[in-house]
Amino acid sequence: MRTDGVAGHDLDELLEREFRRHIAGLRIPSPRADQATYRAVATSGGKRMPLLSSLTAVASSKAVIGLATAALVIGGGSVAATAATGSANPANWSKTVTDAMSSCKSRLGPDQHGIGHCVSAVASQKGQQERSQHAASAARQLDPASTPSAHQTGAQSGHPTGAPAPHPTGRPTDVPTPHATSPGHDHPTPPAATPTPR
Amino acid sequence: MLPPGAEFDRLYEATYPRILRTLAAMLGDHAAAEDCTQDAYLKAFRSWHTWRQDAPVETWLHRIAINAAISYRRKRVLREVGEMVRRLGRPEQRDPTDHALGGDLLEELRRLPAKQAAAIVLRHLHGYSNREIAASLGVPESTVATRLMIAKRTLRARLRPAGPAISNTPVAWRVPPIE
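Everything numeric here is computed off the predicted structure, so don't read it as measured data.

> Help me understand the packing of helix 1 (residues 5-27) of chain B against helix 5 (residues 114-124) of chain B, please; the structure alone is not making it clear to me.
The packing of two helices is summarised by the inter-axis angle and the distance between the axes. Residue and element names in this part refer to chain B. Viewed as axis vectors pointing N to C, helix 1 and helix 5 meet at an angle of 130°, and their least axial separation amounts to 10 Å. With respect to each other, helix 1 and helix 5 are oriented oblique. Where helix 1 crosses over helix 5, the two elements pack in a sense that is right-handed. Judged by residue contacts, T22, A25 and M26 of helix 1 engage A114, A118, V121 and L122 from helix 5. Split into classes, the residues belonging to the contact of helix 1 with helix 5 amount to six nonpolar, one polar and no charged.

Below you can see the structure in the form of structure tokens.
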């Protein structure tokens, strides 16, 4: 259908004619409400709820993100506490802080207030000491000359795993090697038999 | 607040053919138009409390239905792009049962932006005034007038028969014949 192909017809008339021909003439069976989707959903108690379910999904994902954020914040706090006290054990954190508080209170004069800075400094100092101890311990574990640690596992480490056996295992060889020397001999013993050429 | 069942049922039976025809004109696909129409009535049923009684209920239904059609068209475009990417290098195989409703004019109408196409359909299929179209699309009347004007200008330009290629080509761009 071309607009310029029909003389005397403008676009409005063409549109209306096309709509009458192709759309208004569509055979549509008389609608029955009892077959409509909304009735099916209403009677089934709202099982088909794409919009609501998608909103719920979005809300759930936001809740998950929120929980993850809260966990990170809490985890961040524990990381800070671990860094300050040098220990991953929460019981040690509180002990460190309690000790620091009592120490700082004893240092305060009668007209002095506020022990926050003092507690922070003491806790940091304590944490530094703990970290130094841990670092020294880790260095000993990584030192090849020291006893292999039970924590060093894995095939790619290149170090032996597990504790060494206290005694050599296996049977000793029966024949000594030619270079083996006994305390009373300066020279190796000759071979017992030499094949004679014929 | 949900509408009384019998009242919404009557509304459905009275308005369904007109809503379905609007979407069929916009989408060119009878089955898709039916799906979108059912979705639209479902949304209308759920959001009945948002209908303000100062607007005709059919224009409110049309707004929901047209939004459903716009959403469907977006998804269809994405699907077609995906299929085109999968089909790269292979000839297009058309489904023989896939034939759009209407001729060239309606085909061109469906290539218009969805909101312009909706304005044309409401005006020339249902005879809506600019005010009714504005209520259906949720835009000012001046926007409706602008959309109708742009849509018709685009349709005229697209449906104009192509003239001789040589006469429209600048002389400097013509390629000399190979001897």
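> Just checking my understanding: could you explain helix 1 (residues 11-24) of chain A for this structure?
Given 3.6 residues to a turn, an α-helix orients residues that are three or four positions apart in the same direction. Here helix 1 of chain A has its buried residues at A:L11, A:L14, A:L15, A:E18, A:F19 and A:I23. Axial view of helix 1 of chain A: buried residues confined to an arc of 130°, hence all on one face. Turned more than 90 degrees off the buried face of helix 1 of chain A, the exposed positions are A:R20 and A:R21. For helix 1 of chain A, the secondary structure elements touched by its buried residues are helix 1, helix 4 (104-111), helix 5 and helix 7 (141-159) of chain B.

> Looking at this structure, how should I read the pattern of salt bridges?
When the charged atoms of two side chains lie near each other, side chains of opposite charge can form a pair. Taken as a whole and judged by the stated rule, the model has nine salt bridges over all chains. Ionic pairing is found between A:R32 and A:D34, a salt bridge with its closest N-O pair at 3.0 Å. As a salt-bridge pair, B:E107 and B:R110 come within 3.5 Å of each other at their nearest N and O atoms. Of this pair, B:E107 and B:R110 both sit in helix 4, three residues apart, roughly one helical turn. B:R110 gets classed as buried once you look at its relative accessible area, which sits at 11%. When salt bridges that share partners are traced, they join B:E108, B:R111 and B:R158 into one network.

> Could you clarify how one ought to interpret the packing of aromatic side chains in this entry?
Pairs of aromatic rings are described using the distance from one ring centre to the other and the angle between the two planes. With the rule as written, the count across this model stands at twelve aromatic pairs over all chains. Seen in terms of ring centroids, B:F8 and B:W48 are 5.7 Å apart; in terms of plane orientation they differ by 85°. Their pairing is edge-to-face. Here B:W48 lies in the loop between helix 2 (30-46) and helix 3 (57-86) and B:F8 lies in helix 1, a separation of 40 residues in the sequence. For the residue pair B:F8 and B:W48, the accessibility class agrees, reading buried in each case. Among the aromatic side chains, those forming a connected cluster through ring pairs are A:Y38, B:F8, B:Y12, B:Y16, B:Y41, B:F45, B:W48, B:W51 and B:W60.

> What should I look at first to understand the environment of B:L27 in this one?
Summarising the element assignment, B:L27 is placed in helix 1. Beyond its immediate sequence surroundings of up to four residues, B:L27 is in contact with B:A32, B:A33, B:C36, B:A69, B:Y72, B:R73, B:R76 and B:R110.

> What exactly am I supposed to notice about the interface of chain A and chain B here?
Frequently, the measure chosen for interface size is the accessible area removed from exposure when the parts meet. Counting from both sides, the interface comprises 28 residues of chain A and, opposite them, 36 residues of chain B. Buried area between chain A and chain B, both sides added, is near 3000 Å², and the carbon and sulfur share of it is 68%. If you sort the residues of chain A by the area they bury against chain B, A:F19, A:P31 and A:Y38 come out on top, with a joint share of 23%. Counting every contact that joins chain A to chain B gives two salt bridges. Note that A:R39 is salt-bridged to B:D9, the shortest N-O span being 2.4 Å.

> I'm lost on the side chain of B:R76 in this one. Help?
All names here are of chain B. Locating R76 in the fold gives a position in helix 3. At 4.2 Å, E80 is the nearest oppositely charged side chain to R76, a buried residue that forms no salt bridge. Side-chain polar atoms of R76 contact the backbone oxygen of L27, separated by 3.3 Å. Beyond its immediate sequence surroundings of up to four residues, R76 is in contact with L27 and D29.

About the thresholds
Residues numbered from 1 in each chain as written. Chains lettered and ligands numbered in written order. Predicted model: local features only at pLDDT ≥ 70, side-chain atom pairs only at ≥ 80, totals over all residues. Heavy atoms only, no water. Axes fitted to C-alpha atoms, helices over the stretch in contact; angles between N-to-C directions. Helix = DSSP H or I, 4+ residues; strand = E, 2+ residues; numbered from the N terminus. Parallel < 35°, antiparallel > 145°, perpendicular 65-115°, else oblique. Left-handed = near helix turned anticlockwise from the far one by under 90°. Contact = heavy atoms within 4.5 Å. Nonpolar A, V, L, I, M, F, W, Y, C, P; charged D, E, K, R; others polar. Buried < 20%, exposed > 50% of the residue type's maximum accessible area, 1.4 Å probe, protein only. Arc of directions from axis to C-beta. Salt bridge = Lys/Arg side-chain N within 4 Å of Asp/Glu carboxyl O. Phe/Tyr/Trp six-rings, centres within 6.5 Å; stacked < 30°, edge-to-face > 60°. Buried area = accessible area lost by both parts, 1.4 Å probe. Lys, Arg positive; Asp, Glu negative; His and termini not counted. Polar contact = N/O pair within 3.5 Å; in protein donor to acceptor, adjacent residues only side chain to side chain.

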